[in-house]
Amino acid sequence: MKSSSKHWDTIFFDTEDSKLGWYEKNASQTLELLNQIPGWKESTVFLPGAGTSVLIEELLSKGVKLVLNDISIEALNRVKDRINDQGGEINWLCQDIAQPIQSTLKKVDIWIDRAVLHFLTDEDDINGYFENVKSTLKTGGYAIFAEFSKTGALKCAGLTLHRYSIEELSEKLGSSFNLISHFEYTYTNPYGNPRPYVYALYKKEN
């Protein structure tokens, strides 16, 4: 089954955040990579497939400007209710991240994907995703990825996954992206199941 807005709307409508299979109490692994980026707290950050991640509040608390994208309007509405009047500059974007992003969106400094890319299994969708990374990110900007590794689970949220290695991520990004840092991390989900991830930080050189 292909990822769809209806599929994700149902999940976010029916499931509490803490019961989601990808729920994390903190975003320490992502912050480890963010802290390698000079001046990241003054950045505009694009979160594809933002879902209801606690990373959103973490970034807002640092003064970061956000573009929050998700295919699910239920997820985005839950975040709106949760942050309420917390403030911060947010651009809300509800769309399939494999499709071209609106041309009126200004280029961003940082792209952070935590567990979104691996849900795209169609080659055209994968290529569309990476075109969005390349066209949305400023020259000199950074991209962070956290995806199921080659030893990770075959499915998540009822969907078949495309698992990644550093080599494949680098190939898809192309020669204009330079690998800065990467590591493997095994996340334990709310049900006690280990989920091996690969984390990576790239810089767009041109």
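Scroll up to find the structure.
Fair warning: this is a prediction, and the values are worked out from it, not measured in the lab.

1. What about unusual backbone geometry?
In step 1: You will see that Ala-115, though not glycine, has its phi angle at about 65°, which is positive.
In step 2: Counting through the fold element by element, Ala-115 comes out in the loop between β4 (108-114) and α5 (123-136).
In step 3: The residue Ala-157 is not glycine, and still its phi comes out positive at about 55°.
In step 4: Classification of Ala-157 by relative accessible area gives partly exposed; the value is 25%.

2. Quick word on the side chain of Asp-109
In step 1: Its place among the elements puts Asp-109 in strand β4.
In step 2: Polar contacts involving the side chain of Asp-109 include one to the side chain of Lys-138, which spans 3.1 Å.
In step 3: Look past the residues within four positions of Asp-109 in its chain and what remains in contact with it is Ser-43, Thr-44, Leu-137, Lys-138, Gly-141 and Tyr-142.

3. Digging into the packing of aromatic side chains
In step 1: Under the counting rule described, the total for this entry stands at 12 aromatic pairs.
In step 2: A network of ring pairs unites the aromatic residues Phe-46, Trp-111, Tyr-129, Phe-130, Phe-145 and Tyr-202 as a single cluster.

4. Concerning the nonpolar core
In step 1: Ranked by size, the top nonpolar core spans 44 residues in total, and within it Leu-34, Leu-47, Leu-59, Leu-66, Leu-68 and Ile-112 carry the most contacts.
In step 2: Formed by 27 residues, the second largest nonpolar core is a distinct cluster that contains Tyr-129, Val-133, Leu-137 and Phe-177.

5. Here we look at the pairing of strand β5 (residues 137-148)
In step 1: Of all 12 residues making up β5, 9 are buried, and the element is well covered by its neighbours.
In step 2: When β4 meets β5, the two strands line up parallel, connected through 6 bridges. Looking at the pairing, Val-108 lines up with Leu-137 of β5.
In step 3: Note on the crossover from β4 through α5 to β5: the handedness is right-handed.

6. With respect to the packing of helix α1 (residues 5-14) against helix α4 (residues 73-83)
In step 1: Two numbers describe how α1 lies on α4: the axes approach to 7 Å, and their chain directions differ by 35°. Residues Asp-9, Phe-12 and Phe-13 of α1 form the contact with α4, whose participating residues are Ile-73, Glu-74, Ala-75 and Arg-78.

7. Focus: the pairing of strand β2 (residues 65-70)
In step 1: Burial analysis of β2 places 5 of its 6 residues in the buried class, the great majority of the element.
In step 2: In the sheet, strand β1 (residues 44-47) pairs with β2 via 4 bridges, with the strands oriented parallel. Residue pairing in the sheet places Val-45 in a bridge with Leu-66 of β2.
In step 3: Crossover connection from β1 via helix α3 (residues 55-61) to parallel β2: handedness right-handed.

Scoring rules and cut-offs
- Residues numbered from 1 in each chain as written.
- Predicted model: local features only at pLDDT ≥ 70, side-chain atom pairs only at ≥ 80, totals over all residues.
- Heavy atoms only, no water.
- Helix = DSSP H or I, 4+ residues; strand = E, 2+ residues; numbered from the N terminus.
- Buried < 20%, exposed > 50% of the residue type's maximum accessible area, 1.4 Å probe, protein only.
- Polar contact = N/O pair within 3.5 Å; in protein donor to acceptor, adjacent residues only side chain to side chain.
- Contact = heavy atoms within 4.5 Å.
- Phe/Tyr/Trp six-rings, centres within 6.5 Å; stacked < 30°, edge-to-face > 60°.
- Core = buried A, V, L, I, M, F, W, Y, C linked by side-chain atoms within 4.5 Å.
- Pairing = 2+ DSSP bridges.
- Right-handed = clockwise from strand over helix to strand, strands pointing away.
- Axes fitted to C-alpha atoms, helices over the stretch in contact; angles between N-to-C directions.

Any functional reading would require information beyond the geometric quantities listed.
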